[in-house]
Amino acid sequence: MCIYFGMDTILYFYRKRGLERPETEPVGLKAYLLIRIGLDVEKNRWFGRELEEMASEEAGDAEGAWGREEESAAGGRRGAGEDFRGPEPARDEALDDRPQECLRGLRKALRHPLKAMGFQRMERKRKRAKLSERLTRESEEARLPAAGQQIFDQVEAMMECLAREVAEFAEDMDSCLCVYEDSVRKALIGERKAAEVGIWGDGWGGNGGGREDASGYAHGARQGESRRQTKAQTSLPALWQRYFPMGEFHGYTEKYWMEQLFQRAACFHFILLGTAEGIFSVIEAYAGRMKSLRWVVTEAEYDRELEAFVEDFYTEYGLAIELQLLKDWSDLKRLRLFCKEAVNMVDFTGEACRAVLTVPEGSIWLDMFSVEEKKRRILARGKNIAYISMKELWKIAQKRCNCPVLP
């Protein structure tokens, strides 16, 4: 039996192509529960099912209805003094559809009975073609939303099933925190502002519209807002938030998680980029393994507490910390490291700095904030440099507990 002492359950969502349904794997890690979930998702695409098509079709239907309403409203708003003619006989209406310069010739042709009959046959044929085209279009418009709704129902059923499966493993969904690979996060969370959709807040935001005057402009704004809401409600991020409203994991610099990465520091030389709360005790725990320690921080991060720690560390452990100050992290690009031996690069810069320094082969890059762009840049150099982050560890973690379900 595995006992968990109040640690959060981590839901790690990663992309795996070729799946037909979500692949869920609970991994008991003694101190906390990890649930790996493989998804084949892209923007507005869920396991090969396209949601954007349905959203655009519904928006198009709403736009068409809006246009028809506007035309009707415009007709009703015409004043009595305007030259507005109602429906006219079919023959005259057909004539008015022709260019003005052709009317005189047609009127002359209609004087002859046989020519008039021929012209009427042409008009009947044209009207039948227009009627057939309109009926076909209406039939197609009625079919497409139904097909889109079927896709939406399938996606929603799969998400509901996934949520139930995760709940069976975690039991307490309130303790779950989500971690996404960048591609999965972009597909399921999106890049819209928190103020508009409430991704980072307590709920979803929304605005209402109304008719302000008889001009129809406020009515058009309301219809436009309705179309945007219709498309948003059928989007993949909106549907995902309905079943997985949990917050994202941001505790990478907590002491427990920093220790998980420091355990992978196999080299004897350390270079720290940036700082974090609780880092002093972690450094002291590994002081016996350090042959050298170089600490690069910005002027904003440097304070009296850090200065005092550097002095006390030398007094207690006999190792002088080489402290280097930068004005900001943009200066890191110009920093040159003269290292002949492999080093442990402990990176606390996160998204603030994506620059990758040149380090000797065999070095280990410990990325505390799991920035995937840094991983791509490091691996693109083709050197023998190991990249380690919590996302990488969660991806390859093996079960250490016989019972991954919380007791």
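Residue indices begin from 1 for each chain and proceed along its sequence in written order. A pLDDT threshold of at least 70 governs which residues receive local features in this predicted model, and a stricter bar of 80 or more applies before side-chain atom pairs are shown or counted, although totals over entire chains, interfaces and linings include all residues. Neither water nor hydrogens contribute to the side-chain values; these are computed over all heavy atoms in the structure.

With that settled, consider the overall build of the protein. Helix and strand assignments follow DSSP, with helices taken as H or I runs no shorter than four residues and strands as E runs no shorter than two, numbered in order from the N terminus. Scanning the protein for helices and strands turns up 13 helices and 13 strands. Counting all 407 residues of the protein, 42% fall into the buried class. The long-range share in the protein, meaning contacts at least 24 apart out of those at least 6 apart in sequence, stands at 65%. All accessible areas in this document rest on Shrake-Rupley with a 1.4 Å probe, and a residue is counted as covered only by the protein chains that are shown. Summed over its atoms, the accessible surface of the protein is roughly 23700 Å², and 49% of this surface lies on carbon and sulfur atoms. When a residue's accessible area, from a 1.4 Å probe over protein chains only, is under 20% of the maximum for its type it is buried; when over 50% it is exposed; and in between it is partly exposed. Note on contacts: a residue pair is in contact if any heavy atoms of the two residues lie within 4.5 Å.

This part covers the sheet that holds strand E4 (residues 41–42). Hydrogen bonds between backbone groups are what pair the strands of a sheet, and the pairing can be parallel or antiparallel. Pairing between strands is defined by DSSP: at least two bridges between the two strands are required. If you walk across this open sheet you meet the three strands as E4-E5-E6, and the pairing is antiparallel. One side of each edge strand has no neighbouring strand; the edge strands of this open sheet are E4 and strand E6 (49–50). Here two bridges tie strand E5 (residues 45–46) to E6, and the two strands are oriented antiparallel to one another. Its bridge partner being in E6, arginine 45 is matched across the sheet by glutamate 50.

Turning our attention to the nonpolar core. Core analysis: the biggest nonpolar cluster contains 44 residues, and Leu34, Ile279, Ile283, Trp295 and Trp394 have the highest contact counts within it. Those residues within four positions of isoleucine 279 in sequence are excluded, and the remaining contacts are Met258, Phe262, Leu272, Trp295 and Phe348. Joining through side-chain atoms within 4.5 Å is the link that ties buried Ala, Val, Leu, Ile, Met, Phe, Trp, Tyr and Cys residues into a set, and such a set is a nonpolar core. Of all hydrophobic cores here, the second largest spans 34 residues; its members include Val41, Met158, Met159 and Phe169.

Positionally, threonine 298 belongs in strand E9 (residues 292–298). When near neighbours in sequence (up to four residues on either side) are disregarded, threonine 298 contacts Leu325, Leu326, Lys327, Asp328 and Trp329.

Of note, glutamate 171 is a non-glycine position whose phi angle comes to about 65°, a positive value. Of note, the phi angle at serine 370 is positive, near 55°, even though the residue is not glycine. By the element assignment, serine 370 lies in the loop between strand E12 (364–367) and helix H12 (372–380).

Further remarks concern the side chain of aspartate 331. With respect to the helices and strands, the residue aspartate 331 is situated in the loop between strand E10 (321–326) and strand E11 (343–347). A residue is classified by how much of its surface remains accessible, and aspartate 331, at 18% relative accessible area, is buried. Here a polar contact means two N or O atoms within 3.5 Å. Within protein one must be a hydrogen donor candidate and the other an acceptor candidate, and residues neighboring in sequence count only if both atoms are side-chain atoms. Looking at aspartate 331, its side chain comes within polar contact range of the side chain of arginine 334, at 2.3 Å.

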